[in-house]
Amino acid sequence: QVQLVESGGGLVQAGGSLRLSCAASGRTLSTTAMGWFRQAPGKEREFLAASTRSGGPTYYADYVKGRGTISRDNPKNTLYLQMNSLEPEDTDVYYCAAQKRLRVPFTTPRTYDYWGQGTQVTVAS
């Protein structure tokens, strides 16, 4: 059974930064396609970034490019999302997700099989 646990969310001032973590158990992340999404109440889950495998290609939503970085720590079996220049519009619950096998498109929640419980990010103006 794969379990994903996010952490690192919280309250930050506009212009600030956060590093979100996603610790995995039950599966080695280095060969697993992983993604970060976010969701506001009443809205669809929104793609942020994806990593196909350790050292492999990464993909970013346009509104994340230049201020977000997805990365992995293989010994810790942990995925990260560094977000800079945060704005109040970035306030959401942030989720990490993993695929059982490589599927496209990476930007669509339906191609992911495992999800964490989410971590709240609140950006104050």
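Our structure's up above, just so we're on the same page.
Residues numbered from 1 in each chain as written. Predicted model: local features only at pLDDT ≥ 70, side-chain atom pairs only at ≥ 80, totals over all residues. Heavy atoms only, no water.

Caption draft 1: Summary view of the pairing of strand β1 (residues 3-7). Burial along β1 is one-sided: the face carrying L4 and E6 is buried and the face carrying Q3, V5 and S7 is not. In this sheet, strand β3 (residues 18-25) lies alongside β1 in antiparallel orientation, the contact comprising five bridges. Among the inter-strand pairings, Q3 is bridged to a residue of β3, identified as S25. (Buried < 20%, exposed > 50% of the residue type's maximum accessible area, 1.4 Å probe, protein only. Helix = DSSP H or I, 4+ residues; strand = E, 2+ residues; numbered from the N terminus. Pairing = 2+ DSSP bridges.)

Caption draft 2: Spotlight on the state of the cysteines. For the coordinates displayed, the defined rule picks out one disulfide. C22 shares a disulfide with C96; S-S distance 2.0 Å. As the torsion about the S-S bond is roughly 55°, the C22-C96 disulfide counts as right-handed. Linking C22 in strand β3 with C96 in strand β9 (residues 92-98), this pair joins segments that are 74 residues apart in sequence. (Disulfide = S-S within 2.5 Å.)

Caption draft 3: Here's a closer look at the environment of D92. Examined against the element boundaries, D92 turns out to sit in strand β9. Exposure remark for D92: the relative accessible area of 9% places this residue in the buried category. When the C-alpha atoms of D92 and A61 are compared, they prove to be 16 Å apart, with 31 residues separating the residues in sequence. Aside from chain neighbours lying at most four places away, what touches D92 is R38, Q39, A40, T119, Q120 and V121. A distance of 3.1 Å separates a polar atom in the side chain of D92 from the backbone nitrogen of A40. (Contact = heavy atoms within 4.5 Å. Polar contact = N/O pair within 3.5 Å; in protein donor to acceptor, adjacent residues only side chain to side chain.)

Caption draft 4: Inspection of the pattern of salt bridges at higher detail. All chains considered together, the criterion is met by six salt bridges. Measuring nitrogen to oxygen at the nearest pair gives 2.8 Å for the salt bridge that ties D90 to R67. Remark: R67 occurs in the loop between β6 (58-60) and β7 (68-73) and D90 occurs in the loop between β8 (78-83) and β9; sequence separation between them is 23 residues. Here the salt bridges share partners, and the residues they tie into one network are R38, E46, R67, D90 and D92. (Salt bridge = Lys/Arg side-chain N within 4 Å of Asp/Glu carboxyl O.)

Caption draft 5: Local environment of the packing of aromatic side chains. Tallied over the entire structure, the rule returns six aromatic pairs. When the centroid spacing of 5.7 Å and the interplanar angle of 70° are considered together, the rings of F37 and F47 count as edge-to-face. You can see F37 sitting in strand β4 (residues 34-39) and its partner F47 sitting in strand β5 (residues 46-51), a full 10 residues away along the chain. Residue F37 shares its accessibility class with F47, and that shared class is buried. In this structure an aromatic cluster arises from ring pairing among F37, F47, Y95, Y112 and W115. The ring of Y80 has R19 sitting right over it, with the charged end atom 4.1 Å from the ring centre. (Phe/Tyr/Trp six-rings, centres within 6.5 Å; stacked < 30°, edge-to-face > 60°. Lys NZ or Arg CZ within 6 Å of the ring centre and 35° of its normal.)

Caption draft 6: Expanded view of the environment of T69. Along the chain, the position of T69 falls in strand β7. Among the residues examined, T69 registers a relative accessible area of 42% and is labelled partly exposed. When the C-alpha atoms of T69 and K100 are compared, they prove to be 23 Å apart, with 31 residues separating the residues in sequence. Once residues lying within four places of it in the same chain are set aside, the contact partners of T69 are Y60, Y80, L81 and Q82.

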